[in-house]
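Breakdown of the fold
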Amino acid sequence: METFVQLLVNGLGKGAVFALLALGFVVIFKATEVVNFAHGSLVLFGGYLVVVTRETLGWAGAAVVGIVSAGVLALLVERLLLSRSKLADPFSLALLTIGVDVIVTEEIVRRLGVSLPFIGDAWDAQPLQVGGVTMFRTHLVALLVATVLITAFFLAFRYSNWGVAMRAQAENKEAAALVGIRSSRVTSTAWLVAGVLAGVAVLFIATQDFSGAGLSRGTHSIALAAFPAAIIGGLDSTAGAIVGGITVGLVDALSTHYISFAFAKSAVFLVMLVVLVVRPSGLFGTRESIRV
Amino acid sequence: MRRLIALTCASALVLAACGTKGGGSDESGEGAGGVTTGVGVTDSEITLGVMTDQTGPFKNLSTGITHGNELWVEDVNAAGGVCDRQVKLEIVDHGYKADTAKTLYPQMEPKVLGFVQLVGSPIMAALGGDLEADEMTTTPASWSSELLGNPYVMIVGTTYDVEMIDGLSYLQEEGMISDGDTVGHIYIDGEYGANGLRGARYYAEQHDLKLREVKITSSDNDLTNIVTGLKGQGVKAILLTTTPTQTGSAAAANKALGLNVPILGNNPTFDPLLHDSPAAGALDQLYVVASSVPFSADIPKAQEVAQKYKDANFTAPPNAGVPYGYAVAEVWGTVLEKACENGDLTRAGVHQALEETTSAETGDLVAALDFSQPGAPATREVYVAQPDASVEGGMKYVKQLFEAEDAKNYKAPHEGQ
Amino acid sequence: MSEIATESPPTAPESPPSPVRRRGPMWWVRGALWLALLVLLLVLPLYLEAQWLRAGQYMMVGAVGAIGLTLLTGQAGQLSLAHAFFLLAGGTSYTVLSGSTEGGTLVGFGLDPLLSLVGAVVITALLGLAFAPVAGRLRGIYLGVASLALVFLGLYFGQAAETLTGGTSTGRSPTPFSLFGFEFSNEGDLEILNVPFRQAERLWYLFLALTAIAFLLARGAVRSRVGRSWRAVRDNEPAAAVMGVSVPRAKAGAFAVSSAYAGLAGVMTVLWFDILKPDESEFGTYGINVSIAFLAMVIIGGLGSVPGALVGALVVNGLPQVLALYSTDLGWFTGTGEGTFTPVLISSFVYGAAIILVVLFEPGGLAAIGRRIAGRLSFTQRGKE
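Residues numbered from 1 in each chain as written. Chains lettered and ligands numbered in written order. Predicted model: local features only at pLDDT ≥ 70, side-chain atom pairs only at ≥ 80, totals over all residues.

**Section: the overall build of chain A**
What chain A contains, in helices and strands, is 11 helices and 2 strands. Of the regular secondary structure in chain A, the N- to C-terminal order runs α-α-α-β-β-α-α-α-α-α-α-α-α. Scaling as 2.2 N^0.38, a compact globule of 292 residues should have a C-alpha radius of gyration of about 19 Å, and chain A matches this with 19 Å. When its C-alpha atoms are laid out on the principal axes, chain A stretches across 60 × 50 × 35 Å. Residues counted as buried form 59% of the 292 residues belonging to chain A. (Helix = DSSP H or I, 4+ residues; strand = E, 2+ residues; numbered from the N terminus. Rg over C-alpha atoms; globule rule 2.2 N^0.38 Å. Buried ≥ 20, exposed ≤ 12 C-beta atoms within 10 Å, placed from the backbone.)

Next comes the structure, spelled out in structure tokens:
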């Protein structure tokens, strides 16, 4: 029983971070219908800037720099590459992000060289014991930050001009343009937000508590697991991103112990496959109507 | 367009006229000093190959080993070389990818006498047949006794299975485990992990231990959930045949979850960089068994190599790979000298010399080695070390070279075949 | 290759492909060029060193796989990231079918290698067919990500099914391919024009034959009714259905055919490595990186273009090999230690950039560029007449 509770706690903590990552996918997809395969490289990029600026700025300053630069990189990718190819459909643009991902990831892995820096200085490896259960501080802070950010996002999405514009654009692009919504601004903001979320997430991922490894190629692989998170919830559902994230965290933790560690990685994807077969647009996704 | 066709035809004709690649020359011949030479050896140079990992998961250790090799080459050349020939290294990076290695190999093969370093069990698995066919004496940076089935493989130091057996007897001797206990073993799926596990299983059988085996892959770094499970099963110790990063995770979880049992790791499980990681505070329960010394062991030869490393201004932080790399190269020196004495510096001659090498001396960098028993590890002695951030290289001894009774009786998979 | 137009956006009315081939002067020129290429490829083993032949074989492995993917993704419009899984399935099937039961730890049927190769292709085709019901329910990017799940299943299978794959530890040696008693290995002495024909030379011809067959079949399929039904489904499913195309059948067919190609590429991979070794992580010989590399090949070559897939394979699979071969000759990238630029790294940059450039500037890929050049040439040609 104790083991089970501990696994639940581990899974929930990780789920919060997966939710942040999945939300990034969802924001971009909602605004542009593009699936961003470069999300993992945004995560790496933010983390890398923390590493290089930490010496001079201190951890807190470096963390801010990292978050901002991940956002800026996302913005640049959108402005310099995606927005230039107006003719390309979302499908081709998704392929384009694969190209971006390969380049950014390989370069950062090269720059990291032999070092595997951990970047969760403020909370890493300081567990709390509550009863017989260990709470990892990284997980606790991640849960808190995820709750705050996701709430803020929901509020912005519902009440801010950007949120309204984005929802309008997601509903009907042509109509939104007709009523004067500037599609480029909505799109850019979406990318910026996704980048920032990636920059925040990496502060929890490249830690001893979360991934057991510092910033490396493995960090990128973890961001990949946010794919099933986003898909399970439904690529165009913000609420779904949270459910999906938590699901992935729990499935991973529980199947590691109760089935086998080797199976855990596949288990997450298997759950995704089952969800997709039953509900092709994810649990909370809008059913895609066939456009004639 | 017609011109293009004409051009194509013309070039085809030229190609045909150039003659084919056939008609290669016989490579062996009498060289300087009355020594028979072959591939990779000229009158002035001996070329040894290094296929290493500069970009993959074992890049730290590999880089250390490469630098160790390089330091020895500098020394030996300064002292006049081997057999009146300067030693040269041909270094390539395969990024721990078998496919890249498989392509690089045919290109390396005609240039080198043997491999002083060949990193990684996946690469060994892919190239094993080629090495045997080409009679290429090779020192893999992989200490699996499974590799000893290939007569051209020279493992400097003991093998993972024997390390585990020695290490477990150390734990038992110190009263940390006793017969009948439950013990967890986390191992990487691969030749490395499988070989460590082989040793643990053998010991468990001898001492009635209940072994909880958990297989992981080299890229899984968060072992928290596994250690949570092992805690639930009441393990008295955790054995690791993993990467250094995974060691950090297991140690951190061991502490965080309040399990606090001793952790026993094979030689490659530790990397001094762990002292700079958040797991630094959790390393006090870690014991590492190895047949080569830590970077700054307090033996004269190790100190000497450490000093050379500092003088050479390498950028990478030092690790146990450096003295090991130096020692391996030195063993190669011994073997090459012997081949030179025999007057045969061909690949066959080197192999012959290897089998005649019953004692290779490395100034205690590695336990004394005996290569004359095909299929058997060249030594069964190990050191036990513990992490210590205050020393260079990050590790200090807790037990000097020893060979456990169980290790002596253990039969390696290809022994006596 | 001009009738394999692919990149017309769904809104643009697609001009009906004109399968009626005019045997004008361009036809002869094209034929002569193909013939010259074939002759060149046939004599190469007489001149190239073994390592170059091996690099070439690796490109052919890529080519066969890429042709399969371009049929699925380009012609039938179904994004798949599962290609690496089918590679593993094909390689494993061949090894198991042709292998022997070694010491009771491995399963092997000891079948004839040719039969095993065919069997492997059939098995992967069936596996592809088995995934078709899932694929049929999903569209576009959802399908792409869903297919990723297969790669992870493959990873687990490779680790768990040790009796079939040999496990990630030691892997398993495949039986060398042989045809009517002639072994494609170093076995026996064979010399042609003073050139010793060893494994590298022999495999070259085997791979060349397999690639040629794969190529011709694919072009045949594209030009036939099957190809038209795939394109109809890709461009507009309801319209295709109205035209009498069975959408589920067309989709399932494309998946099966593509998987069969990947299976063949898997057999070639295993023969090339001379070992079947499942991966230890999702990055490896049958990992996500491989699926993405195949996708890169077909994007660079031009989605849907069969000759384009060949060129894409040349770039993506060839570049790291060739760079690695040159680098040691020229002393490039040989530094040790941190932050080194390695051939593997450089080629990743190149194909990453190539994907971006193709999507931005030439969505039709190299195939479209080729078509344009050919078009211009034939125009001047006609102008002269």
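**Section: the packing of helix 2 (residues 59-78) of chain B against helix 10 (residues 321-341) of chain B**
When two helices pack together, their arrangement is given by the angle between the helix axes and the distance between those axes. Residues and elements named next belong to chain B. Relative orientation of the contacting elements helix 2 and helix 10 amounts to 45°, with a least axis distance of 6 Å. By the angle between their axes, helix 2 is oblique relative to helix 10. Here helix 2 runs over helix 10; the crossing is right-handed. Contacts between helix 2 and helix 10 involve Leu-61, Ser-62, Gly-64, Ile-65, Thr-66, His-67, Gly-68, Asn-69, Leu-71, Trp-72, Val-73 and Val-76 from the first element and Gly-321, Val-322, Pro-323, Tyr-324, Gly-325, Tyr-326, Val-328, Ala-329, Glu-330 and Gly-333 from the second. (Axes fitted to C-alpha atoms, helices over the stretch in contact; angles between N-to-C directions. Parallel < 35°, antiparallel > 145°, perpendicular 65-115°, else oblique. Left-handed = near helix turned anticlockwise from the far one by under 90°. Contact = placed C-beta atoms within 7 Å.)

**Here we look at the pairing of strand 3 (residues 45-52) of chain B**
On any regular strand, side chains alternate: one points to one face of the sheet, the next to the other face. Residue and element names in this part refer to chain B. The buried count for strand 3 comes to 6 of 8 residues, which makes it a mostly enclosed element. With helix 2 bridging strand 3 and the parallel strand 4 (residues 86-93), this β-α-β connection has right-handed handedness. In this sheet, strand 5 (residues 115-119) lies alongside strand 3 in parallel orientation, the contact comprising 3 bridges. Of the residues in strand 5, the one forming a bridge with Met-51 is Leu-118. (Right-handed = clockwise from strand over helix to strand, strands pointing away. Pairing = 2+ DSSP bridges.)

**Description of unusual backbone geometry**
Not every positive phi belongs to a glycine, and Glu-33 of chain A is a case in point at roughly 65°. Tracing the backbone shows Glu-33 of chain A in the loop between helix 1 (2-32) and helix 2 (39-81). For Glu-33 of chain A, a count of 18 C-beta atoms within 10 Å gives the class partly exposed. With a phi close to 50°, Asn-260 of chain B is a non-glycine residue in the positive phi region. By the secondary structure assignment, Asn-260 of chain B is in the loop between helix 8 (244-256) and strand 10 (263-265).

**Structural notes on the interface of chain A and chain C**
Each partner contributes residues to the interface: chain A has 39 residues there, and chain C has 37 residues. Among the elements of the structure, helix 3 (90-112), helix 9 (226-233) and helix 11 (261-278) of chain A are those that each provide at least two residues to the side of chain A that touches chain C. At 14 residues, helix 3 of chain A tops the list of elements feeding residues into the side of chain A that touches chain C.

**Quick look at helix 2 of chain B**
Under the 1.5 Å per step criterion, the end-to-end length of helix 2 of chain B is 28 Å for 20 residues, consistent within 8% with the ideal 28 Å. Backbone geometry just after helix 2 of chain B places Gly-80 of chain B at a positive phi near 100°. (Expected span 1.5 Å × (residues − 1).)

**Details of the pairing of strand 7 (residues 182-188) of chain B**
Residue and element names in this part refer to chain B. Across the 7 residues of strand 7, 6 count as buried, placing the element largely inside the fold. Bridge analysis of strand 7 against strand 8 (residues 210-216) gives 7 bridges, and the strand direction is parallel. The partner of His-185 across the bridge, within strand 8, is Glu-213. With respect to chirality, the unit in which strand 7 leads through helix 6 (residues 191-207) into the neighbouring parallel strand 8 is right-handed. With 5 bridges joining them, strand 7 and strand 9 (residues 237-241) adopt parallel strand pairing. Across the sheet, the residue bridging to Val-183 is Ala-237, located in strand 9.

**Thoughts on the sheet that holds strand 4 of chain B**
All names here are of chain B. What the 4 strands build is an open sheet, ordered 4-3-5-6; its pairing is parallel. Because the sheet does not close on itself, it has two edges, and the strands there are strand 4 and strand 6 (138-141). Across the sheet, the mean angle from the axis of one strand to that of its neighbour is 20°, orientation sign disregarded. Direction of pairing for strand 3 relative to strand 4: parallel, over a ladder of 8 bridges. Pairing of Glu-45 across the sheet is with Gln-86, part of strand 4.

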